[in-house]
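# Architecture at a glance
The lines below spell out each chain.
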Amino acid sequence: MADMRPTRHPMPEQEPLLRNQNFDEVALGYTAEIAQAEAARCLNCKNAPCMQGCPVQVHIPAFIGKIAEGAFGEAFSEIVQTNALPAVCGRVCPQESQCEAHCVRGIRGEPVAIGRLERFAADWHAANCPSDGAQEAPAGNGRRVAVVGSGPAGLTCAGDLARKGYDVTVFEAFHKAGGVLVYGIPEFRLPKSIVAQEIERLERSGVKIVTNAVIGRAVSIDELFEDGFEAVFIGSGAGLPRFLGIPGENLLGVYSANEYLTRVNLMKAYRDDYDTPVKRHRRVAVIGGGNVAMDAARCAKRLGAEEVTIVYRRSRQELPARAEEVHHAEEEQIAFRFLSNPVAVHGDEAGHVCALACARMELGEPDASGRRAPVAVEGENFLLEVDAVIDAIGTTPNPLLRMTTQGLSANAKGCLIVDDSNETTRAGVFAGGDAVTGSATVILAMGAGKRAAAAIEAYLQRA
Ligand code: FAD
Ligand code: SF4
């Protein structure tokens, strides 16, 4: 008999005013007792509506049922049948708009905390069975596949193919594998040891990873084929930052969120034992309303800024960030200026940022995205006194691969064009994740990596 309490079990967390001064993980994870109690809220619905919201088709009621029984290892095994990165997804997926949005318990109360339970199963497994859980490397079939980029799309594609016996090599431009999971999402939301542990599990299942390898510069995709790779998957993400194009964006103290977060996360600027610091600012404005803006703002606060303000041109209702991240940012004393659109960055005589000029906005008619478009209110500009501005208004795919690979077509936004099976316009070259969709989510990138792995297998069987 399911537990019919309407509300989910809260996640234990660090206190807001303590955690906004450190980079330790904010959410502490369910204990075994809480996890079992929350799992008991699941109704084990026959058609599992929650699964409709999961791009990688995790068998949700099955794994939750195992947690309810206390069979935590079996719960983990159930998840990794279809999801190679459960500790990551349990932490960063926007579950409220995916699996949990379809959960029937959400009709008269709060949905089952599916993401938190997924995280629990993965963390329990890592703590109790650290070296097992990789599907052992199967006998190889000798057919080689190259994967460009080690973000969630590339890792998922590589993991699925390796499990079927393909000889897969992932080429990563950075010195560390993981894509945005290591260079973008901060330690306090996704500890890097968790990402490393998921990647090690993939390596144990046979995936080879070569870092410091920029494909399209050191080696071209054509050369990969000449070297004996029979198919290539491109999961190179969307790492090229966009700027607003307003006056003053070249002043000292203006960053792209991409640069700022890479310096903080990958280059460990927050740690005293690293030689790669970032300037500490007192008053910081972050432009944008997505996860990236929340992450940049919360990092700035943790680096000692007294005032951090998120400047967003629509209202709170339209914020694209995960609900939990917005809530956490507010708790950590990040300020929000809604309906505000930056029009210029002002600098002092030395060329350092000293203020951000903004126009006040109101919402007009819905635009192409279906959301009400912000329109400037005449004569209502205002100044925010700041000494740093971080642009978090989006990114596009890096053009390197499409410029150096013949036959690879992209749309007007620079995203690679693929068919339903994720094959690009170049035979044998597949693509997925942010490189195809523009910046999206971890789980959508993983879903694309999965589809592409199946398509690559079909392609190689035909070849
Ligand atoms: P990426 O993760 O970008 O990985 C691409 C990899 O390819 C990179 O490591 C890059 O170095 C490498 N690469 C690029 N070009 C080459 C080349 N030529 N040769 C070799 N390697 C190359 N999503 C969520 O679901 N939840 C969140 O909470 C969330 N928060 C986010 C916070 C931030 C700060 C950012 C930036 C994004 C966030 N996202 C979040 C979005 C999510 O991280 C991305 O949608 C996802 O990582 C895309 O995966 P990917 O594999 O397509 O690309
Ligand atoms: Fe359990 Fe909700 Fe899925 Fe039903 S919809 S099986 S209650 S998680």
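Throughout, residues of each chain are indexed from 1 in the direction in which the sequence is written. Just so you know, chain letters begin at A and ligand numbers begin at 1, following the order they were written in. The predicted nature of this model means local features are confined to residues of pLDDT at least 70 and side-chain atom pairs, given and counted, to a pLDDT of 80 or more, with totals for whole chains, interfaces and linings taken over all residues. Note that water and hydrogens are dropped before the side-chain values are worked out from all heavy atoms of the structure.

## A look at the overall build of the protein chain
Where we set the bar: Strands here mean DSSP runs of E at least two residues long; helices mean DSSP runs of H or I at least four residues long; both are numbered from the N terminus. For this measure, only C-alpha atoms enter the radius of gyration; the expected value for a globule follows 2.2 Å times N^0.38, where N is the number of residues. Think of it in three bands: with a 1.4 Å probe and only protein chains considered, a residue is buried below 20% of the maximum accessible area for its type, exposed above 50%, and partly exposed in between. Contacts were defined at the residue level, with two residues in contact if any of their heavy atoms lie within 4.5 Å. All accessible-area figures derive from a Shrake-Rupley calculation using a 1.4 Å probe, and residue coverage is judged against the displayed protein chains alone. When charges are counted, Lys and Arg contribute as positive and Asp and Glu as negative, whereas His and the chain ends are disregarded. Note that the charge is assigned to NZ on lysines, CZ on arginines, CG on aspartates and CD on glutamates.
From N to C terminus, the protein chain includes 16 helices and 15 strands. The globule rule puts the C-alpha radius of gyration for 463 residues at 23 Å, and the 23 Å found for the protein chain is close to it. Along the first, second and third principal axes, the C-alpha set of the protein chain runs to 65 × 60 × 50 Å. Of all 463 residues assigned to the protein chain, the portion counted as buried reaches 55%. Looking at the protein chain alone, contacts between residues at least 24 apart form 70% of all its contacts between residues at least 6 apart. If you sum the accessible surface of the protein chain, you get close to 20,000 Å²; carbon and sulfur atoms cover 51% of it. One way to put it: in the protein chain the 47 positive side-chain charges average out to a point 2 Å from where the 58 negative ones average out.

## Structural notes on the site of ligand 2
To keep things clear, this is the line we draw: Here a residue counts as near a molecule or strand whenever at least one of its heavy atoms sits within 4 Å of it. Three categories are distinguished: nonpolar for Ala, Val, Leu, Ile, Met, Phe, Trp, Tyr, Cys and Pro, charged for Asp, Glu, Lys and Arg, and polar for the others, with Gly belonging to the last.
Near ligand 2 you find C42, L43, C45, P49, C50, P61, C103, V104, R105 and I114, and these make up its full shell. Here the residues of the shell around ligand 2 are counted per class, giving 9 nonpolar, no polar and 1 charged.

## What about the state of the cysteines?
Definition in use: Our working definition of a disulfide is a cysteine sulfur pair at a distance within 2.5 Å.
A full pass over the atoms with the stated rule returns 0 disulfides. Between C89, a free cysteine, and C93, which holds the nearest cysteine sulfur, the sulfur-to-sulfur gap is 3.9 Å. Owing to a relative accessible area of 1%, C89 belongs among the buried residues under this scheme.

## Quick notes on the pattern of salt bridges
Our working definition: A pairing counts as a salt bridge when a side-chain nitrogen of Lys or Arg comes within 4 Å of a carboxyl oxygen of Asp or Glu.
Under the criterion given, the structure shown has 33 salt bridges. Notably, a salt bridge pairs E457 with K164, separated by 3.3 Å at the nearest N-O pair. In this pair, E457 sits in helix α16 (residues 442-462) while K164 sits in the loop between α7 (152-163) and β2 (167-171), placing the two residues 293 residues apart along the sequence. Classification of E457 by relative accessible area gives buried; the value is 17%. On the basis of relative accessible area, K164 is assigned to the partly exposed category, the value being 44%. One salt bridge connects R201 with E198, and the closest N-O pair in it is separated by 2.7 Å. Remark: E198 and R201 occur in helix α9 (residues 192-204); sequence separation between them is 3 residues, near one turn of the helix. You can call E198 buried: its relative accessible area is 1%.

## Observations concerning the site of ligand 1
Short version of the rule: Whenever a nitrogen or oxygen atom comes within 3.5 Å of another N or O atom, the pair is scored as a polar contact, on the condition that within protein one atom can donate a hydrogen and the other can accept it, and that pairs from neighbouring residues in sequence are kept only if both atoms are in side chains.
By nearness alone, 35 residues border ligand 1, and V92, E172, R189, I215 and D434 come closest of all. Here an oxygen atom of ligand 1 and a backbone polar atom of A153 are 2.9 Å apart. A total of 1,000 Å² of accessible area belongs to ligand 1 in isolation, and the protein chains cover 93% of it. Where the shell around ligand 1 is concerned, the elements lending two or more residues are α7, α12 (291-302) and α16. Here the shell around ligand 1 gets 3 residues from one element, more than from any other, and that element is α12.

## A closer look at the packing of aromatic side chains
Rules: The criterion for an aromatic pair is that two Phe, Tyr or Trp rings (for Trp, the six-membered ring) have centres within 6.5 Å, with stacked assigned to planes under 30 degrees apart, edge-to-face to planes over 60 apart and tilted to the rest. To sit over a ring, a charge needs its Lys NZ or Arg CZ within 6 Å of the ring centre and within 35 degrees of the ring normal.
Applying the stated criterion to the full structure yields 9 aromatic pairs. Residues F430 and Y459 carry aromatic rings whose centres are separated by 5.7 Å and whose planes lie at 70° to one another, so their mutual orientation is edge-to-face. Of the two residues, F430 sits in strand β15 (residues 429-431) while Y459 sits in helix α16, which places them 29 residues apart along the sequence. Seen from the ring of F229, R144 lies directly overhead, with NZ or CZ sitting 4.1 Å from the centre. Positioned above the aromatic ring of F188, the side-chain terminus of R302 is 3.7 Å from the ring centre.

## Some details on the sheet that holds strand β10 (residues 340-347)
We count it as follows: What makes two strands pair is DSSP finding at least two bridges between them. Axis angles are defined between N-to-C directions and span 0 to 180 degrees, where every axis is a line fitted to C-alpha atoms and, for a helix, only to the segment in contact.
One open sheet holds the 3 strands; their spatial order is β10-β11-β12, and the pairing between them is antiparallel. Strands at the two margins of the open sheet, each flanked by one partner only, are β10 and β12 (372-385). Averaged over all neighbouring strand pairs, the angle between strand axes comes to 20°, with direction disregarded.

## Description of the pairing of strand β8 (residues 307-311)
This is how the line gets drawn: By convention, orient the strands away from the viewer: a clockwise path from the first strand over the helix to the second makes the crossover right-handed.
Burial runs high along β8: 4 of the 5 residues are buried. Pairing of strand β7 (residues 283-287) with β8, which is carried by 5 bridges, proceeds in the parallel orientation. Each bridged residue has a counterpart across the sheet, and for V284 the counterpart in β8 is V308. What joins β7 to β8 is α12, and the crossover it makes is right-handed. For β8 and strand β9 (residues 335-337), the ladder comprises 3 bridges, and the chain directions are parallel. Bridge pairing in β9 links V311 to R337. With respect to chirality, the unit in which β8 leads through helix α13 (residues 323-331) into the neighbouring parallel β9 is right-handed.

## Regarding the packing of α7 against α16
Quick note on the threshold: If you view the pair so one helix is near and one far, a crossing is left-handed when the near helix is turned anticlockwise from the far one by less than a right angle, and right-handed when it is turned clockwise.
Put simply, α7 and α16 touch, their axes get as near as 7 Å, and they point 35° apart. Crossing geometry of α7 relative to α16 is assigned as right-handed. Here P152, A153, T156, C157, D160 and L161 of α7 lie close against α16, whose contacting residues are V442, A445, M446, G449, K450, A452, A453, I456 and E457.

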